[in-house]
Amino acid sequence: MSTESIIEVSGLTNRFGDAVVHDSLDLEVRAGEIIGVVGGSGSGKSVLMRSILALHRPQAGRIRVLGRDALSVDAGSREFIEGNTGVLFQNAALFSSLTVLENVMVPLKEHSSLPEAVIRDLAMIKIQLAGLSADAALKLPAELSGGMRKRAGIARALALDPALLFLDEPTAGLDPIGAAGFDQLILSIQRALGLTVFLITHDLDTLYTICDRVAVLADRKVLINAPIDRVASFEHPWIQEYFHGPRGRAAAHAQETL
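Novice: Mind laying out the overall build of the protein, listing which residues take part and the relevant values?
Specialist: Per the secondary structure count, the protein includes 11 helices and 10 strands. Taken against the 2.2 N^0.38 rule, which gives 18 Å for 258 residues, the C-alpha radius of gyration of the protein at 18 Å falls within 12% of a compact globule. Here the C-alpha coordinates of the protein stretch approximately 55 × 45 × 35 Å along the principal axes. Counting all 258 residues of the protein, 49% fall into the buried class. Long-range contacts, defined as pairs at least 24 residues apart, comprise 65% of the intrachain contacts of the protein with a sequence gap of at least 6.

See below:
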């Protein structure tokens, strides 16, 4: 893992009316790492991700992604960032009227001038990389299980060979076996492609199994951004309750026995 920063957030402030979600928040993400972002309900995890992706404009702060100003109105900078980031939103957010193959082809059609046949072949490669069969590629999202829809979403997020992959609660709604399989999928893809992964999750098993560092959002800031053993020992009420409750102890014990 590199020490080069691929995402730099400084002084980020987000308010919704009188509610302050972030107050001068700072965060740094290193190239090639899987960073897990955790926090209680309302701590602003998704708002932070949307700010980095320029889907939400903060009241104050500076965000740099891949060396570019993520908040810039410059079309060239925006196009560069969008072409180098892939996103898996909650519930995959696939187009319901398109097959899996057609869903994965969408970003390739929008951001390239490649022939249709080449786009189709590239989309099939990404579908297979995500662990789906050729048969699944021809199905509509409604015909797939929840886990298969998430894999289809991963395939679409990888369509443009991004340097950065954003995942919002990727294992939510999956059974323990499916969640563990999805964790391994993320890890294998990250290692094979050298991606940087920004991962919002509440899944302790995911944090212990695949994350290089964990950033904790609380009190409107990032309290700590460090390897999980350092995070788990950080003296803060929410962190202690989260990492040392029954589920936290079980996840830590499972990792120790591997």
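Having put the structure on the table, let's press on.
Novice: Would you mind going over the pairing of strand β9 (residues 213-218) in detail, with residue names and values included?
Specialist: Where burial is concerned, most of β9 is hidden: six out of the six residues are buried. Of the two faces of β9, the one lined by R213, A215 and L217 and the one lined by V214, V216 and A218 are each fully buried. Looking at chain direction, strand β3 (residues 34-39) and β9 are connected through five bridges and run parallel. When the sheet's bridge partners are listed, V37 is paired in β9 with A215. Pairing geometry for β9 and strand β10 (residues 221-226), over five bridges, is antiparallel. Looking across to β10, one finds that V214 is bridged to A226. In this antiparallel pair of consecutive strands, β9 and β10, the connection spans two residues, and D219 shows a positive phi of 55 degrees.

Novice: Describe the packing of aromatic side chains, listing the residues and the values that go with them.
Specialist: Counted under the stated rule, the structure contains three aromatic pairs. For the pair Y242 and F243, a centre-to-centre distance of 5.0 Å together with 85 degrees between the ring planes defines the contact as edge-to-face. On the accessibility criterion, Y242 (17% relative accessible area) is buried. R68 extends its terminal NZ or CZ atom over the ring of F80, reaching a point 4.0 Å from the ring centre.

Novice: Tell me about the sheet that holds strand β1 (residues 5-16), residues and numbers included.
Specialist: Taken in spatial order, the four strands make up an open sheet running β2-β1-β4-β5, and their pairing is antiparallel. A single partner strand is all that each edge strand has here, and the edge strands are β2 (19-30) and β5 (68-69). In the sheet, β1 pairs with β2 via eight bridges, with the strands oriented antiparallel. By the bridge assignment, E8 is partnered in β2 with E28.

Novice: Pulling in residues and values, what's your account of the environment of L193?
Specialist: Among the structural elements, L193 can be located in helix α7 (residues 176-193). Under the relative-accessibility criterion, L193 is labelled partly exposed at 43%. C-alpha separation for the pair L193 and Q240, spaced 47 residues apart in sequence, amounts to 35 Å. Setting aside chain neighbours within four positions, we find L193 in contact with L129 and L158.

Novice: Would you mind going over unusual backbone geometry in detail, with residue names and values included?
Specialist: A positive phi is found at D161, a non-glycine position, where the angle reads about 55 degrees. Of the residues examined, D161 reaches a relative accessible area of 55% and is grouped as exposed. Non-glycine residue E169 carries a positive phi angle of around 50 degrees. The topology assignment puts E169 in the loop between β7 (164-168) and α7.

Novice: Which residues make up the sheet that holds strand β6 (residues 85-88), and what values do they have?
Specialist: Here we have six strands laid out as an open sheet, ordered β6-β7-β8-β3-β9-β10, and mixed in their pairing. The sheet terminates laterally at β6 and β10, the two strands that pair on one side only. Between one strand axis and the next, the sheet turns through 15 degrees on average, direction left out of account.

Novice: Please set out the nonpolar core residue by residue, giving values where relevant.
Specialist: In this structure, I127, I154, L207, V214 and F243 are the most contacted members of the largest nonpolar core, which totals 50 residues. Residues M49, L164, F198 and A215 belong to the second largest nonpolar core, which totals 27 residues.

Novice: Explain helix α4 (residues 116-129) residue by residue, including any values.
Specialist: Over its 14 residues, α4 extends 20 Å from the first C-alpha to the last, a length consistent with the 20 Å expected when each residue adds 1.5 Å. Within α4 the residues assigned to the buried category are I119, A123, M124, K126 and I127. All buried residues of α4 project into a common sector of 165 degrees when viewed along the axis, lining one side. Seen from the open side of α4, the exposed residues pointing more than 90 degrees away from its buried face are A117 and D121. Here the buried face of α4 lies against α3 (100-111), α5 (134-137) and α6 (146-157). Positive backbone phi, at 85 degrees, marks G131, one or two positions downstream of α4.

Thresholds, definitions, all that
What you see as residue numbers is a count from 1 along each chain, following the sequence as written. Only residues with pLDDT of at least 70 get local features here, since the model is predicted, and only at 80 or more are side-chain atom pairs given and counted; chain-wide, interface and lining totals rely on the full set of residues. The basis for every side-chain value is the complete set of non-hydrogen atoms in the structure, without hydrogens or water. Numbering of helices and strands runs from the N terminus, with a helix taken as a DSSP run of H or I at least four residues long and a strand as a DSSP run of E at least two residues long. Using C-alpha atoms as the atom set, the radius of gyration is obtained and then compared with a globule rule of 2.2 Å times the number of residues to the power 0.38. For the exposure calls, accessible area comes from a 1.4 Å probe over protein chains only, and a residue counts as buried if that area is under 20% of its type's maximum, exposed if over 50%, partly exposed in between. Any pair of residues with heavy atoms lying within 4.5 Å of one another is described as a contacting pair. For two strands to be treated as a pair, DSSP must find no fewer than two bridges joining them. Two aromatic rings, drawn from Phe, Tyr or Trp (for Trp, its six-membered ring), form a pair once their centres lie within 6.5 Å of each other, and the interplanar angle then sorts them: stacked below 30 degrees, edge-to-face above 60, tilted otherwise. Two limits define a charge over a ring: the Lys NZ or Arg CZ must be within 6 Å of the ring centre, and within 35 degrees of the ring normal. Note on method: axes are straight lines fitted to C-alpha atoms, helices fitted across the in-contact stretch only, with angles between N-to-C directions ranging 0 to 180 degrees. Definition of nonpolar core: a set of buried residues of the types Ala, Val, Leu, Ile, Met, Phe, Trp, Tyr and Cys, connected through side-chain atoms within 4.5 Å. For a helix, the expected span equals 1.5 Å multiplied by the residue count minus one. Read the arc as the range of directions from the helix axis to the C-beta atoms.

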